[in-house]
Amino acid sequence: MSRRVILENGIVRTMDVALPTARALAIAGDLVVGGVGTHERALPTPGRVDLGGRCVVPGFSDSHVHFPTWALARRQLSLEGTRSLDEAVARVREAVAEVEPGRWLRGRGWREGDWSPADVPTCQALDTAAADTPVALEAHDGHSLWLNSAALARADGDLEVHGGVVERDEGGEPTGVLREEAAWRFRDRHVQVDEEETLEAMREALRVANARGITAVHDKDGGVGAPALWQALLGKGVLTVRVWQSLPADRIEHLAAIGLSSPLGEGLLRIGYLKAFMDGTLGSRTARLHDGSGVEITSRDELAEIVRTAARAGWPVAVHAIGDRANRDALDAFAETREEWAARGLRPRIEHAQLLAWDDVPRFAELGVTASVQFSHAPSDRDLADRYWAGMTDRAYAYRSLWEAGAVVANGSDAPIEDLDPLAGIRAGVLRDWHPEQRLTVEQALEATILTPAWLAGEERRRGKLLPGFVSDLVVLDSDPLARRPEELVDVHVVATMLGGRWVHNPPPWD
């Protein structure tokens, strides 16, 4: 017999405008079966959970996360917060002593724009700390890779690739820094990660995600084997989030040829959309701008062809675009192909949308393209943006402008670029003091973190609200975020998390 439970003596935020709050919540199995006025007679012999004045909201979603990469990053050398090249090299020197012979030292988090003095990363600098152990260090933004000489030797000179940057010295020799496609190809070819190590890291990371109220993720690691990893966790019965998985856009010809359309799978694991890249990033100085700077990974015409082919095969497209020129080209491609994808009810999205021309802000709503952004990027990137995008930051990370123009806005973390923590993301969107005119309200930030991700996955009639017939994915908070002043959001914490009627973090009682 399915479990029946009533959560009572608190406030339930349903996320439904017609019926925003309830005094209690009745759950049978994996579904919500009752709301306002629910009491112990709503179900036969239900269990009762005393909320003790706490608040219940639908489960949080992260609409942009590289989950396996984030899981592994939690085990790797962290270079986050390093303030100089010497400090980064010192961390490498300390860590390399623990690496077994023949293994890689992997790490991430360096950001040369934060270093003082303004040194540049080189293989020679790493060689002073690790001469024989191959070292591969991803940048904070994940779009650059810093290698030592032992690592570079693995490629035997085969470094160049379309859409990539191989930095070279005056003599034409690689400096040890690869960017964009060059970085990713090197990583995928040479930096081996054991599958069991990845699965164990993901199991640990799932526990952390659940503890932070996460019940669903939109994963972007389709190009590095994530579907098979998620499938393995599902088969072991340890998958405790709902996964909306991307695949690389270059798979579309194969998917179309064999007649597979979105979504693939059901239940906790569904493969649903394609991911493409227009340009690079702010931190790697590869974002494509109207001034001609940056790296073009996919052109406007190439994206239009991808979207057109994908639409005919039944797949929506998400495209990474950082710079204003990259966003303009992406919007133009979606506009050119709109008759193809809109008629099929597909829901395209631009990931990041960090720097926009003002003329392009209203186009998201006009076209029906979702702005899939990361509220936490604004405070994290502010110093680099002020430096590299001087005079343009009034139209950077323009979340409020997008919202007021009618755009659909989704919020994610881009973990491991930022940490996977939805409450921290909500605070970043509500409390930002850099260009505060772009702040959102608590209600808007919650909608972008709960409702919109479910809509993007085509599950708006099943997830994202605490109404009868919806799945019982929920988070218990120690206080009501909508009853607090914005500056008090720092005092709101996750108490417990439920996925489909099953407690996946800290089951009651809590007192």
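Cut-offs used in this document
- Residues numbered from 1 in each chain as written.
- Predicted model: local features only at pLDDT ≥ 70, side-chain atom pairs only at ≥ 80, totals over all residues.
- Heavy atoms only, no water.
- Core = buried A, V, L, I, M, F, W, Y, C linked by side-chain atoms within 4.5 Å.
- Buried < 20%, exposed > 50% of the residue type's maximum accessible area, 1.4 Å probe, protein only.
- Contact = heavy atoms within 4.5 Å.
- Axes fitted to C-alpha atoms, helices over the stretch in contact; angles between N-to-C directions.
- Helix = DSSP H or I, 4+ residues; strand = E, 2+ residues; numbered from the N terminus.
- Parallel < 35°, antiparallel > 145°, perpendicular 65-115°, else oblique.
- Left-handed = near helix turned anticlockwise from the far one by under 90°.
- Nonpolar A, V, L, I, M, F, W, Y, C, P; charged D, E, K, R; others polar.
- Phe/Tyr/Trp six-rings, centres within 6.5 Å; stacked < 30°, edge-to-face > 60°.
- Lys NZ or Arg CZ within 6 Å of the ring centre and 35° of its normal.
- Salt bridge = Lys/Arg side-chain N within 4 Å of Asp/Glu carboxyl O.

Enquirer: Go over the nonpolar core, please, and point to the residues and values.
Expert: If you look at the biggest cluster of nonpolar residues, it comprises 99 residues, and the most contacted ones within it are Phe60, Phe67, Trp230, Ile350, Phe364 and Trp389. Not counting chain neighbours up to four residues away, the residues in contact with Phe67 comprise Met202, Ala205, Leu206, Ala209, Val217, Asp219, Asp221, Trp230 and Leu420. Ranked by size, the runner-up nonpolar core spans 21 residues in total, among them Leu77, Val96, Leu105 and Leu126.

Enquirer: Before we move on, could you go through the packing of helix α9 (residues 300-313) against helix α10 (residues 324-336) and cite the residues and values that matter?
Expert: At a minimum axis separation of 8 Å, α9 and α10 run at an interaxial angle of 40°. Considering their axes alone, α9 and α10 lie oblique with respect to each other. Crossing of α9 over α10 shows right-handed handedness. Only Asp329, Ala330, Asp332, Ala333, Phe334 and Glu336 of α10 make contact with α9, whose side of the interface consists of Arg300, Leu303, Ala304, Val307 and Arg308. Looking at the contact of α9 with α10, its residues break down into 6 nonpolar, no polar and 5 charged.

Enquirer: Give me the lowdown on the packing of aromatic side chains, citing residues and values where you can.
Expert: Within this structure, the stated rule accounts for 13 aromatic pairs. Here the aromatic rings of Phe375 and Tyr399 are separated by 5.2 Å at their centres, their planes lie at 55°, and the arrangement is tilted. With Phe375 in the loop between β18 (370-373) and α13 (377-388) and Tyr399 in helix α14 (residues 399-404), the pair connects residues that are 24 residues apart, well separated along the chain. Taken as a pair, Phe375 and Tyr399 share a single burial class, namely buried. Here the aromatic cluster, defined as three or more aromatic residues joined through ring pairs, consists of Phe67, Trp70 and Trp230. The ring of Trp70 has Arg74 sitting right over it, with the charged end atom 5.6 Å from the ring centre.

Enquirer: Residues and numbers for the pattern of salt bridges, please.
Expert: Enumeration according to the criterion identifies 44 salt bridges in this entry. Of the charged contacts in the structure, one is a salt bridge between Arg168 and Glu160, with a shortest N-O distance of 3.0 Å. We note a salt bridge from Asp473 to Arg242, for which the minimum N-O separation is 2.6 Å. Remark: Arg242 occurs in strand β14 (residues 242-248) and Asp473 occurs in the loop between α16 (442-456) and β20 (474-477); sequence separation between them is 231 residues. The exposure class of Asp473 is buried, given its relative accessible area of 5%. In this structure, a network of salt bridges that share partners links the residues Arg300, Glu305, Arg308, Arg328, Asp332, Glu336, Asp360 and Arg363.

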